[in-house]
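Topology and contacts: notes
Residue-level listing of the chains:
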Amino acid sequence: MATTTTKPETLVGKRIRRREDPRLITGSATYVEDIKMPGMHYAVIVRSPHAAAKIRSIDTKKAAAAKSVVAVFTGKDTEGVGPVPCGASLPDLRVPHHHILATDRVYFVGHPVAVVVATDRYLARDAADLVEVDYQVLPAVADPEKALAKGAPAVHPEWPDNIAFNFHQDGGDYAKAAAEADVVVKQRITSQRLIPTAMETRGVVAEWRAADRQLNLYSSTQIPHLLRTLLAMMLGLEENRLRVVTPEVGGGFGSKLNVYAEEALMGFVAMKINKPVKWIETRRENFLTTIHGRGHVDYYEIAAKNDGTILGIKLKIIQDLGAYHQLLTPAIPTLSVLMMPGLYRTKNITADVVGVFTNCVPTDAYRGAGRPEATHGIERMVDILAAKLNMDPAEIRLKNFVLNEEFPFPTATGLIYDSGDYAAPLKKALGIVDYRKLRMEQAESRKQGKLMGIGIATYGEICAFGPSPATPAGGWESATVKIDPSGKVTVLTGASPHGQGEETTFAQIAADELGVDIDDILVLHGDTAIVQYGIGTFGSRGTAVGGTAVYFALQDLKAKIKKYGAMLLGSDDVSFSGGQVTCNKTGSTKSLQEIAGATYRAMQLPPNTEPGLQATTFWEPPNFTFPFGAHIVITDVERDTGAISIRRYVAVDDCGNILNPLIVDGQVHGGVAQGIGQALWEQAVYDDNGQLLTGELTDYVLPKAHMMPWIESSHTITPSPVNPLGVKGIGEAGTIGCSPAVVNSVVDALSPLGVQHIDMPMTPEKIWKLVKGGAA
Amino acid sequence: MNINLTINGTSHSHDVEPRLLLIHYLREVVGLTGPHVGCETSLCGACTIELNGKAVKSCTMFAVQANGARIVTIEGLAANGKLHAMQEAFWNEHGAQCGFCTPGMIMASKQILDRNPRPTDEEIRHGLAGNLCRCTGYQHIVNAVRAAAKAGA
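Residues numbered from 1 in each chain as written. Chains lettered and ligands numbered in written order. Predicted model: local features only at pLDDT ≥ 70, side-chain atom pairs only at ≥ 80, totals over all residues.

**Here's the deal with the overall build of chain B**
Where we set the bar: Counting from the N terminus, the helices are the DSSP runs of H or I reaching at least four residues and the strands are the DSSP runs of E reaching at least two. Based on C-alpha atoms, the radius of gyration is set beside the globule rule, defined as 2.2 Å times the residue count to the power 0.38. Burial is judged by counting the other C-beta atoms within 10 Å of a residue's own C-beta: 20 or more makes it buried, 12 or fewer makes it exposed, and any count in between marks it as partly exposed, with every C-beta position built from the backbone.
What chain B contains, in helices and strands, is 5 helices and 5 strands. For chain B, the N- to C-terminal ordering of α and β elements is β-β-α-β-β-β-α-α-α-α. Its C-alpha atoms give chain B a radius of gyration of 15 Å, within 12% of the compact-globule value 15 Å for 153 residues. Overall, the C-alpha framework of chain B stretches about 45 × 30 × 25 Å when taken along its three principal axes. Taken over 153 residues, chain B has a buried fraction of 57%.

Below you can see the structure in the form of structure tokens.
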């Protein structure tokens, strides 16, 4: 019989390799595309080639008659399916009805119009080309500022101004701050549209078991339970008859924190044909139809004293929403407003957001979701202010940080920053690069006509979403821990990790709390038939909220283990450690395995105690967490080509306590790569007709190995008081701290030429024009 | 068309449609799950396999073009229950996050060392230029290749 091994050393904080990796490095992991079922059918979706058009007619006869095709469905067939949901609520929000298939009109290139279902995947694709759609092409608008102009084409005819919402927030008194200021600096700053590009595209397998009235739906998603609730509503199916399974997920970055038309469509198709059906998104479809990120045009104003004290910040955000609201689309820019003060003490802000419809795919949460935009804006503005006042960018930041004694710090936007030592990571980063010496080196190199830049960005982010009243769908997370009669441990987490390594970190927590070997612990997630209701993994919440739920479930379990141990030992004076309960008087012990067996055998029960050894916690966080940090980037710009090379990248991040440094490093590196991608290369470009010009990996430049600098990652540690683990979150930090650091560095390099600001991406062409004295 | 080939040391013979892509042959006909389709255009490298000793992208080759070939996929790297040194290095160095690019990334990494057992970091990075990863920022992958080189992979 297997035994539970006890273990003296603790694992939390150790750099241990991941427990999910054996299946990944051997190619045996199961992604949606790997699911095979007898009688599997394949779906191919017919999509609009136009950004705006009326559908005059759809002829499916030829497609339906094609070899291997069993069904073709159009918008008329799916009218009974509920709309694609928007989970965000704002006052007077205009919400267009979002059918899963277009009915009489299409609103963006890629808009689903029909679905062809066949027994063979190649023949399904062939048949899709036989669906004939007669379009009356209409004028389109793909740029949010153009969409606001008078006479612009109306994306939705019922709202000719293209405005989905206006949102306003004040804190303190910005007008007074500006009146008292010695200086007010202004700048238009954009955060371009980005394509999340998870390496695994979306995919769905749906299987209808008619006799059981049971729909099994496998989807590459970050939110299996929320998806189940919302899909059940869309399909008119009782929620307990829908099982959502999230197998291995090949990256999300927010793009799979959503409910998509295709997920409901595959459920609909499976129920209609009474056979399993698979749809795998092509990369081209992924670029056209999976949500994009960012899409901001920001107008900033910052009021300050001559000594660099920031008195107030004014911000107007024009948010490109795309044609529809996906799950959180309108909420994303409001997160930018929440974080607009950054790490600074100023209590005076005023912000306006206008959400604008365009004939493009919707924007929504992409790594950082609203916070990178806010951080990019404030960190650029602080540099612009420093330049105006002829101050050092490090000095002006240190002057304005929230002070250590001010925590918990109520911000101008109504948040409470949990804990921090904001100067610490900046000072550490300055030390790592030997800042004073570096500035001297820069002065020397400038004398030789070289363009060397030093960019500093500090950031604060809001993580661990979040207290339920402040979130659209509940901000808690759940965990069940169960110990088998043999003493082996299973952790069921409602968070649905997809690369973040929580099968390892949660096992570390459980191993330490129970004092058992990590090999005795199994962490399961992502199946609504197995795991209790949960919220999911996004917003750097997995460990801070999901891990804390695991921790509290373990505390309940430990109390029960002690009770049973005390009963078996016949003593009230017992302690539990190292995987066994010990009588403090006699020193006699009962192992976890013996106790577990006794709880199920239940020959004798302690007073008021149930048999079995299982505990479930739904943990509601009292606040968000607020990680912070400083990134410093040293760049060299080549005059003749406009090429930017990153000489050094130093990241000092404070994510609170670190459970596994190896995993935290990986999160920082990946986050920085996406930040550098935005700063230098990535941009979703639509032409005036709403055609996506960067619709393939050939045109949309992702960072490759040889394009990335070495990232020097280190940390300061300020535990969060919000959860007992003291963790803050690290999933998005790299992305948030990165883009302003890179841009500040390149602007610094070009500052001798009079350059004050550069919008992203800083392509060689753009930089070359600036060096030559042209417009960016 | 009938094709005969060796995959991970086992002979296979199948009658296939001329337009069947090699990746779909490996996944749908042979039943492998390691090579992944990430882009269908040979840009991402998730489908990378070894064909007659060379790392190739199986999404832009027809199965019939592999007639007579000797193919090794990620599933064929471990021998006698022991992971290949490159797999072990990816595990130790946290070279995988979501894991989707990983099989192709490991096959491309193996090729780097097959050609040059002692590559510089620069050579490793350029050797990986055909394989995209969106999770890791590549740093731990570079560490893994370096560690595998040290281990004599």
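**With respect to the overall build of chain A**
How we decide: Throughout, a pair of residues is in contact if the C-beta atoms placed from their backbones lie within 7 Å.
A count of helical and extended segments in chain A gives 19 helices and 28 strands. Its C-alpha radius of gyration of 28 Å places chain A within 12% of the 28 Å reference for a compact globule of 776 residues. The dimensions of chain A, computed from C-alpha atoms along their principal axes, are 85 × 70 × 45 Å. Sorting the 776 residues of chain A into buried and exposed places 59% on the buried side. Restricting the contact set of chain A to residue pairs at least 6 apart, pairs at least 24 apart contribute 81%.

**Let's talk about the interface of chain A and chain B**
Quick note on the threshold: Classification convention: Asp, Glu, Lys, Arg as charged; Ala, Val, Leu, Ile, Met, Phe, Trp, Tyr, Cys, Pro as nonpolar; all other residues, Gly among them, as polar.
Of the residues lining the interface, 43 residues belong to chain A; the matching set on chain B comes to 44 residues. Those elements giving two or more residues to the side of chain A that touches chain B turn out to be α1 (21-25) and α17 (661-680) of chain A. Partitioned by chemical class, the residues of the side of chain A that touches chain B number 18 nonpolar, 15 polar and 10 charged.

**Brief notes about the sheet that holds strand β28 (residues 711-715) of chain A**
Residue and element names in this part refer to chain A. Formally: Strands are treated as partners if at least two bridges between them are detected by DSSP. Only C-alpha atoms enter the line fits that serve as axes; for helices the fit covers just the stretch in contact. Angles between N-to-C directions range over 0 to 180 degrees.
Across the sheet, 4 strands lie side by side as β18-β26-β27-β28; this open sheet has mixed pairing. The open sheet has two free edges, formed respectively by β18 (451-460) and β28, since each of these has just one partner strand. Direction aside, neighbouring strands of the sheet carry axes that sit 15° apart on average. Lying on the sheet, helix α12 (residues 423-433) is in contact with β18, β26 (628-637), β27 (644-654) and β28; it crosses β27 at an angle near 140°.

**Observations regarding the environment of D320 of chain A**
Residue and element names in this part refer to chain A. Checked against the element boundaries, D320 lands in strand β14 (residues 310-322). Owing to 27 C-beta atoms within 10 Å, D320 belongs among the buried residues under this scheme. Note: C-alpha distance between D320 and E262 (58 residues apart in sequence) is 23 Å. Look past the residues within four positions of D320 in its chain and what remains in contact with it is P144, R193, G295, V356, T358, C360 and T363.

**A word on the nonpolar core**
Residue and element names in this part refer to chain A. Quick reminder of the rule: Here, a nonpolar core means buried Ala, Val, Leu, Ile, Met, Phe, Trp, Tyr and Cys residues linked by C-beta atoms lying within 7 Å of one another.
One finds A43, V116, V269, A510 and V550 to be the most contacted residues of the largest nonpolar core, which totals 298 residues. Considering every element that reaches this core, the biggest residue donor is helix α15 (residues 542-569), with 14 residues. Setting aside anything within four residues of it in sequence, one finds A510 in contact with V481, V489, V491, I521, V550 and L554.

**As for the pairing of β28 of chain A**
All names here are of chain A. Applied cut-off: Crossovers are marked right-handed if the path from the first strand over the helix to the second runs clockwise, as seen with the strands pointing away from the viewer.
In β28, alternate side chains face the same way, and those of I711, S713 and H715 are buried while those of E712 and S714 on the opposite face are not. Sheet topology note: the β27/β28 ladder contains 5 bridges and is parallel. Residue pairing across strands places Y649 opposite I711, the latter belonging to β28. Remark: the β27/α17/β28 crossover connection has right-handed handedness.

**A few points about the packing of helix α3 (residues 102-115) of chain B against helix α5 (residues 139-150) of chain B**
Residue and element names in this part refer to chain B. The following threshold applies: Relative orientations are named as follows: roughly parallel for angles under 35 degrees, roughly antiparallel for angles over 145 degrees, roughly perpendicular for angles from 65 to 115 degrees, and oblique for any other angle. If you view the pair so one helix is near and one far, a crossing is left-handed when the near helix is turned anticlockwise from the far one by less than a right angle, and right-handed when it is turned clockwise.
One way to put it is that α3 packs onto α5 with a least axis distance of 10 Å and a crossing angle of 45°. Between α3 and α5, the angle is such that the two are oblique. Of the two possible hands of crossing, α3 and α5 adopt the one that is right-handed. Between α3 and α5, the residues in contact are M105, S109, I112 and L113 and I141, A144, V145, A148 and A149, respectively. Considered class by class, the residues forming the contact of α3 with α5 number 8 nonpolar, 1 polar and no charged.

**Quick notes on the packing of helix α10 (residues 371-389) of chain A against helix α11 (residues 393-400) of chain A**
For any two helices packed against each other, the geometry is given by the interaxial angle and the distance between the axes. Residue and element names in this part refer to chain A. It is at 9 Å that the axes of α10 and α11 come closest, and there the two elements cross at 115°. On the basis of their axis angle, the class for α10 and α11 is roughly perpendicular. Judged by the twist between their axes, the crossing of α10 over α11 is right-handed. Across the interface between the two elements, V382, D383, L385 and A386 from α10 touch P393, I396 and R397 from α11. Taken together, the residues of the contact of α10 with α11 sort by class into 5 nonpolar, no polar and 2 charged.

**Side note on the environment of R345 of chain A**
Summarising the element assignment, R345 of chain A is placed in the loop between α9 (332-338) and β15 (349-357). It is 9.4 Å that separates the C-alpha atoms of R345 of chain A and E406 of chain A, two residues lying 61 residues apart in sequence.

**Quick notes on the sheet that holds strand β6 (residues 132-137) of chain A**
All names here are of chain A. The strand order across the open sheet built from 3 strands is β4-β2-β6, with neighbouring strands paired in antiparallel fashion. Of all the strands in the sheet, the pair left with one neighbour each is β4 (105-106) and β6. Note: strand β2 (residues 53-59) against β4, 2 bridges, orientation antiparallel. Bridging from a neighbouring strand, K54 pairs with R105 of β4.

**Re unusual backbone geometry**
All names here are of chain A. With an omega of -5°, the peptide bond between F407 and P408 qualifies as cis. One can find P408 in the loop between α11 and β16 (409-410). Omega for the bond connecting F465 with G466 falls within 30 degrees of zero, at -25°, which places this linkage in the cis form. Mapped onto the secondary structure, G466 falls in the loop between β18 and β19 (477-483). Positive phi outside glycine occurs at N162, with the angle close to 65°. With respect to the secondary-structure elements, N162 resides in the loop between α4 (144-148) and β7 (163-171). Positive phi, close to 60°, is recorded for F253, a residue that is not glycine. Within the element layout of this structure, F253 appears in the loop between β11 (242-245) and α7 (261-273).

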